[in-house]
Amino acid sequence: MHPDREPVSQSTVSRIERKYRELGHVRDAPRQGRPKINENVQQDVILSALENPHCTVRQVSRDLNIGKSSVSNIFKKVKYHPYRVRLIHELAEDDFDRRTEFCEYMMDHNNQNNGFIANILFSDEATFFLNGHVNRQNTRYWSQENPHWMQEYHTQHPQKVNVWAVYTQSVKAGTHFSDEIQCVVMCRVML
């Protein structure tokens, strides 16, 4: 019937004949797929998160002897999200008054000199702890609602690196990294 096609192999014909004799048709048999996770296992996963909201998917998977993707799917099904910790600076009592004074000072100077804001260097810094004090990448809090989880930290602990970036309205200064103890203005290392 189809001279342009390659001939059908003997094994294909035998397989189709065997399927017809066993099932009475040549359609593929329904596939089972992955087994469903029973309700008890789902409850165990949820209880693990309730007892220790800082647990990882890997820990729950290992403790309950089920796959990581199954744990993730259960968390997703019950609308649990892995919230990250927010690092905030520790505030003293007089910090609020000093912030208000600074805002008033900036508003007065901007009203007196129209180009005042254009002459300001804006900067930001990131602190990397060398002892692994807080690793927000691997720290989570499993919950259905955001717990607004925060942790105060002191900025002058030993063994950390501060990386500082600065830019103005017209010039971007960039970032600078250094291994030395005393660095150029852009970066300071405290060991």
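The structure under discussion appears in the preceding block.
My aim in this report is to walk through the structure given alongside it, one point at a time. Every value quoted in this text rests on a predicted model; they were computed, and no experiment measured them.

A word on the overall build of the chain. Scanning the chain for helices and strands turns up five helices and eight strands. Reading the secondary structure of the chain in the N-to-C direction produces α-α-α-α-β-β-α-β-β-β-β-β-β. Residues counted as buried form 20% of the 191 residues belonging to the chain. Across the chain, contacts joining residues at least 24 apart in sequence account for 67% of those joining residues at least 6 apart. Approximately 15900 Å² of the chain is accessible, and the part contributed by carbon and sulfur atoms is 50%.

Before going further, it helps to spend a moment on a negative patch on the surface. On the surface, a cluster of negative charge is contributed by E93, D94, D97, E101, E104 and D108. Examined against the element boundaries, D97 turns out to sit in helix α5 (residues 95-112). Relative accessible area serves as the criterion here: at 52%, D97 is assigned to the exposed category.

Summed over the entire model, instances satisfying the criterion amount to one aromatic pair. Ring plane angle 5° and centroid distance 5.9 Å describe the contact between F75 and Y80, whose orientation is recorded as stacked. Just as F75 is buried, Y80 falls in that class too.

One non-glycine residue, N65, adopts positive backbone phi at about 60°. By the element assignment, N65 lies in the loop between α3 (57-64) and α4 (68-77). Taking the relative accessible area as the measure of exposure, N65 reaches 71% and is therefore exposed. You will see that K79, though not glycine, has its phi angle at about 60°, which is positive. As for its position among the elements, K79 is in the loop between α4 and β1 (81-84).

Thresholds applied
Residues numbered from 1 in each chain as written. Predicted model: local features only at pLDDT ≥ 70, side-chain atom pairs only at ≥ 80, totals over all residues. Heavy atoms only, no water. Helix = DSSP H or I, 4+ residues; strand = E, 2+ residues; numbered from the N terminus. Buried < 20%, exposed > 50% of the residue type's maximum accessible area, 1.4 Å probe, protein only. Contact = heavy atoms within 4.5 Å. Areas by Shrake-Rupley, 256 points an atom, 1.4 Å probe, with all protein chains shown as cover. Patch = residues over 30% accessible without salt bridge, like charges linked within 9 Å, V, L, I, M, F, W, Y side chains within 5 Å. Salt bridge = Lys/Arg side-chain N within 4 Å of Asp/Glu carboxyl O. Lys, Arg positive; Asp, Glu negative; His and termini not counted. Charge placed at Lys NZ, Arg CZ, Asp CG, Glu CD. Phe/Tyr/Trp six-rings, centres within 6.5 Å; stacked < 30°, edge-to-face > 60°.

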